[in-house]
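Structural overview for review
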Amino acid sequence: MKKNQRQFIEKLTERYRVTRGKDFKLKNIDPGDTAHLDSEDKGEAKEGLARGVEWLAEQQDMLYAQDHWAVLLVFQAMDAAGKDGTIKHVTSGINPQGCQVTSYKQPSSEELDHDFLWRYMRNVPARGQIGIFNRSYYEELLVVKVHEEALARQKLHPSLVTKKIWDQRYEDISNYERYLDRNGVLVLKFFLHVSKAEQKRRFMERLDQPEKNWKFSASDVAERGHWSDYQDAYEEAIKNTASKHAPWYVVPADNKWFTRLVVAAAIVEAIAGLKLHYPVISAEKRKALAEARRVLDAE
């Protein structure tokens with residue numbers, strides 16, 4: 001990676017990275033922010049994204065070969081913020097065999113019979129793999145917090161549902177991410193921060209264009225009615241779970257080209273920190289390779 005590219009990435013990601021949530025305020029992040037890049041920079045941004053995608057593909061190969069680390073990318077957002085498109089574009093160069101995307105919907109009856117982290121733990125990536133959570137265990141601090149009936153369905157004994165339950169879940173998730181970090185799982189969390197006005201525009205686009213009708217659900221409008229509650233829930237979740245080992249990136253999402261650039265830059269920077277390389281071949285292995293070459297040459 002060239003020095004000027006590295007400096008640009010560091011500056012861009014630092015702008016939106018949250019590692020200490022004590023003083024975090026969601027209102028301080030403008031969903032329309034583009035870090036002083038404008039529409040004329042779109043082409044350059046797309047080129048930067050393409051370079052990031054290419055670099056990520058190279059790193060994934062080494063990640064798999066080295067087999068020491070795993071990468072977990074967590075995506076959270078309000079509806080129509082662009083999660084699916086961002087995941088598609090940023091990971092477009094990754095070998096499908098080394099990547100797994102898991103989308104979380106409403107929990108099944110089996111999942112409700114277990115602790116709230118159970119269904120997420122089953123999909124944590126193995127060493128050498130990249131895992132992507134399209135929504136995640138943070139739903140337990142968002143949807144479940146906004147909709148009290150969702151908590152009731154989790155079958156917790158009444159003695160466990162106290163005023164401290166959300167603080168306890170912040171603590172449980174923070175401890176779990178620390179556990180993952182200590183076991184070689186790089187955790188990066190992205191909140192795609194879309195404005196209410198832009199969400200409305202995208203909803204209307206889905207309604208106006210027949211080929212996008214399938215993306216729209218009546219529940220989207222119903223959830224929009226809880227906008228303020230969700231903003232508060234996101235702020236509290238980020239504030240209470242941001243850390244150096246599992247940072248949040250609060251990414252402006254009103255401009256998709258910029259959203260994708262920031263996400264790609266954050267992933268590139270974090271994986272570069274792992275200093276991946278191909279395994280060093282031992283002397284014994286080199287002898288075996290030389291013998292294999294001799295046998296092949298003799299055919």
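Each chain carries its own residue numbering, running from 1 in the written order of its sequence. Whole-chain, interface and lining totals are the exception, using all residues; otherwise, since this is a predicted model, local features are given only for residues with pLDDT of at least 70 and side-chain atom pairs are given and counted only at 80 or more. In computing side-chain values, all of the structure's heavy atoms are included and hydrogens and water are not.

Examining the overall build of the protein
Runs of E in the DSSP output that reach at least two residues are strands. Runs of H or I that reach at least four are helices, and both are numbered from the N terminus. Assigned secondary structure in the protein consists of 13 helices and six strands. We compute the radius of gyration from the C-alpha atoms alone; for a globule the expected value is 2.2 Å times N to the 0.38, where N is the number of residues. Relative to the 2.2 N^0.38 estimate, which gives 19 Å for 299 residues, the radius of gyration of the protein is 21 Å and therefore close to what a compact globule would have. In terms of its C-alpha atoms, the protein occupies a principal-axis envelope of roughly 75 × 55 × 40 Å. The long-range share in the protein, meaning contacts at least 24 apart out of those at least 6 apart in sequence, stands at 82%. We get accessible surface area from the Shrake-Rupley algorithm with a probe of 1.4 Å; when it comes to residues, only the shown protein chains can shield them. Total accessible area on the protein stands at roughly 16,700 Å², and carbon and sulfur atoms take up 50% of it. Any two residues whose heavy atoms approach within 4.5 Å at even a single point are treated as in contact.

So, the sheet that holds strand β1 (residues 17-18)
The strand order across the open sheet built from six strands is β1-β6-β5-β2-β4-β3, with neighbouring strands paired in mixed fashion. The open sheet terminates on both sides in strands that have one partner only, identified here as β1 and β3 (99-103). Think of it this way: DSSP has to see at least two bridges between two strands before they count as a pair. As paired strands, strand β5 (residues 185-193) and strand β6 (residues 248-252) are joined by five bridges and run parallel to one another. Directly across from F191, in β6, lies its bridge partner V250. Note on method: axes are straight lines fitted to C-alpha atoms, helices fitted across the in-contact stretch only, with angles between N-to-C directions ranging 0 to 180 degrees. Most of the contacts of helix α3 (residues 83-90) go to strand β2 (residues 70-77), to which it runs at about 150°, and overall it touches β2, β3, β4 (130-134) and β5. Of the strands in this sheet, β1, β2, β5 and β6 are in contact with helix α12 (residues 256-272), which crosses β5 at around 165°.

Re α12
Expected helix span is computed as 1.5 Å times (number of residues minus one). For α12, with 17 residues, the first-to-last C-alpha span of 24 Å sits near the 24 Å given by 1.5 Å per residue. The cut-offs for exposure are 20% and 50% of the maximum accessible area for each residue type, with area from a 1.4 Å probe on protein chains only; residues under the lower value are buried, those over the upper are exposed, and the others partly exposed. Most of α12 sits inside the fold, with 14 of its 17 residues counted as buried.

Here's the deal with the pattern of salt bridges
By salt bridge we mean one thing: a side-chain nitrogen of Lys or Arg within 4 Å of a carboxyl oxygen of Asp or Glu. Applying the stated criterion across every chain, the model contains 17 salt bridges. The salt bridge partner of D33 is R15, with a shortest N-O separation of 3.0 Å. Separated by 18 residues along the polypeptide, D33 in the loop between β1 and α2 (42-66) and R15 in helix α1 (residues 3-16) bring together distant segments of the chain. On the basis of relative accessible area, D33 is assigned to the buried category, the value being 18%. Look at the salt bridges and you will find they share partners, linking E198, R201, R202, E205 and K212 into a network.

Examining the packing of aromatic side chains
Two aromatic rings from Phe, Tyr or Trp, using only the six-membered ring of Trp, form a pair when their centres are within 6.5 Å; if the ring planes differ by under 30 degrees the pair is stacked, by over 60 it is edge-to-face, and anything between is tilted. Inspection of every chain in the model, using the stated rule, returns 14 aromatic pairs. Ring plane angle 80° and centroid distance 6.0 Å describe the contact between Y16 and F258, whose orientation is recorded as edge-to-face. Highlighted residues: Y16 in helix α1 and F258 in helix α12, separated in sequence by 242 residues. With respect to class, Y16 is no different from F258; both count as buried.

Here's the deal with the nonpolar core
Counting 84 residues, the largest nonpolar core has L73, Y137, Y138, F190 and I267 as the members making the most contacts within it. Ranked by residue count, the leading element in this core is α12, at twelve residues. Ignoring sequence-local partners within four residues, the contact set of F190 consists of L73, V74, F75, Q76, W248, Y249, V251, V263, A266 and I267. Note on terminology: a nonpolar core comprises buried Ala, Val, Leu, Ile, Met, Phe, Trp, Tyr and Cys residues joined through side-chain atoms within 4.5 Å.

Digging into unusual backbone geometry
A positive phi angle, close to 60°, is found at D67, a residue other than glycine. The class of D67 is partly exposed, set by a relative accessible area of 42%. The phi torsion at K155 lies on the positive side, around 60°, for a residue other than glycine. Within the secondary structure layout, K155 lies in the loop between α7 (148-152) and α8 (165-182).

Some remarks on the pairing of β2
Looking down a regular strand, the side chains alternate between one sheet face and the other. For β2, a buried count of eight out of eight residues is recorded, marking the element as mostly surrounded by other parts of the structure. Of the two faces of β2, the one holding A70, L72, V74 and Q76 and the one holding V71, L73, F75 and A77 are both buried throughout. As paired strands, β2 and β5 are joined by eight bridges and run parallel to one another. Across the sheet, the residue bridging to Q76 is F191, located in β5. Here β2 pairs with β4 via five bridges, running parallel. Among the inter-strand pairings, F75 is bridged to a residue of β4, identified as N134.

Describing the environment of D79
Secondary-structure assignment places D79 in the loop between β2 and α3. Taking the C-alpha atoms as reference points, D79 and Q129, separated by 50 residues in sequence, lie 28 Å from one another. Discounting residues that sit within four places of it in the chain, D79 has contacts with R135, Q199, F203, D220 and E223.

Things to note about the environment of R122
By secondary structure assignment, the location of R122 is in the loop between α5 (118-121) and β4. Residue classification places R122 among the partly exposed positions, given a relative accessible area of 47%. For the pair formed by R122 and P252, sequence separation is 130 residues and the distance between their alpha carbons is 30 Å.

The analysis is restricted to geometry; functional conclusions fall outside its scope.
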